[in-house]
Amino acid sequence: MNYATELYRNLNYQAKEGSYSPYSKFRVGAALLSTDGHVIKGANIENASYGGTICAERTAIVKAASDGMRSFTALAVTSDVPSAISPCGICRQVIREFCDLSMPIFLVPADYGKRLLDGKEDGVKETTLGELLPDSFGPEHLELPRGE
């Protein structure tokens, strides 16, 4: 299975449609691929208090984790802008909780489909969690011995 293609398809046509973004008008969608082949979609959900807003990446992870899925092989993120956007800092840390540092993360421009139809480069930026969050703190660090 070409997991990148599956993620882009779910992301571009479905994930950001669930966005509730009346304040920023900045829709974001994420598609998370579990190790057993499920694609979990997430969209940003804003709140009038702003602090209660949850990003698309965290929405996807929370949906998956609450359904018992805790192992993932890839993530893709898109918005309505024609350039690739990257997860924010808190999303990177939440992703770190459940995902391997080598997991691929695909940053997909909103015009991905049009670029392909026009025969242009797709504009997708492939990175990893480790590249987005170097020298990170993760669950395994809580298992380290502690000094007195």
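Predicted, not measured: the structure shown is a model, and the values here were computed from it.

### Regarding the packing of aromatic side chains
Part 1 of the reasoning: Using the criterion set out here, one finds one aromatic pair in the structure.
Part 2 of the reasoning: When the ring of Tyr 23 is compared with that of Tyr 50, the centres are 5.8 Å apart and the planes differ by 65°; the resulting orientation is edge-to-face. Highlighted residues: Tyr 23 in the loop between helix 1 (3-13) and strand 1 (28-34) and Tyr 50 in the loop between strand 2 (39-43) and helix 2 (56-66), separated in sequence by 27 residues.
Part 3 of the reasoning: In this structure Tyr 50 comes out as exposed when scored by relative accessible area, which is 58%.

### A word on the sheet that holds strand 5 (residues 125-128)
Part 1 of the reasoning: Here we have five strands laid out as an open sheet, ordered 2-1-3-4-5, and mixed in their pairing. Two strands lie at the open edges of the sheet, namely strand 2 and strand 5, each paired on one side alone. Neighbouring strand axes in the sheet, compared pairwise and without regard to direction, differ in orientation by 20° on average.
Part 2 of the reasoning: Inspection of the sheet shows strand 1 paired to strand 2 by five bridges, in the antiparallel sense. Counted as the bridge partner of Leu 32 is Ile 40 from strand 2.

### Here's the deal with the UniProt feature "active site" (unreviewed entry) in the chain
Part 1 of the reasoning: Mapped onto this numbering, the UniProt entry gives "active site" (unreviewed entry) at Glu 57.
Part 2 of the reasoning: Looking at where Glu 57 falls in the secondary structure, it is placed in helix 2.
Part 3 of the reasoning: Contact partners of Glu 57, with chain neighbours within four places excluded, come to Ala 30, Leu 75, Val 77, Pro 87, Cys 91 and Ile 95.

What counts and what doesn't
- Residues numbered from 1 in each chain as written.
- Predicted model: local features only at pLDDT ≥ 70, side-chain atom pairs only at ≥ 80, totals over all residues.
- Heavy atoms only, no water.
- Phe/Tyr/Trp six-rings, centres within 6.5 Å; stacked < 30°, edge-to-face > 60°.
- Helix = DSSP H or I, 4+ residues; strand = E, 2+ residues; numbered from the N terminus.
- Buried < 20%, exposed > 50% of the residue type's maximum accessible area, 1.4 Å probe, protein only.
- Pairing = 2+ DSSP bridges.
- Axes fitted to C-alpha atoms, helices over the stretch in contact; angles between N-to-C directions.
- UniProt positions renumbered as here; feature names shortened; annotations may be inferred.
- Contact = heavy atoms within 4.5 Å.

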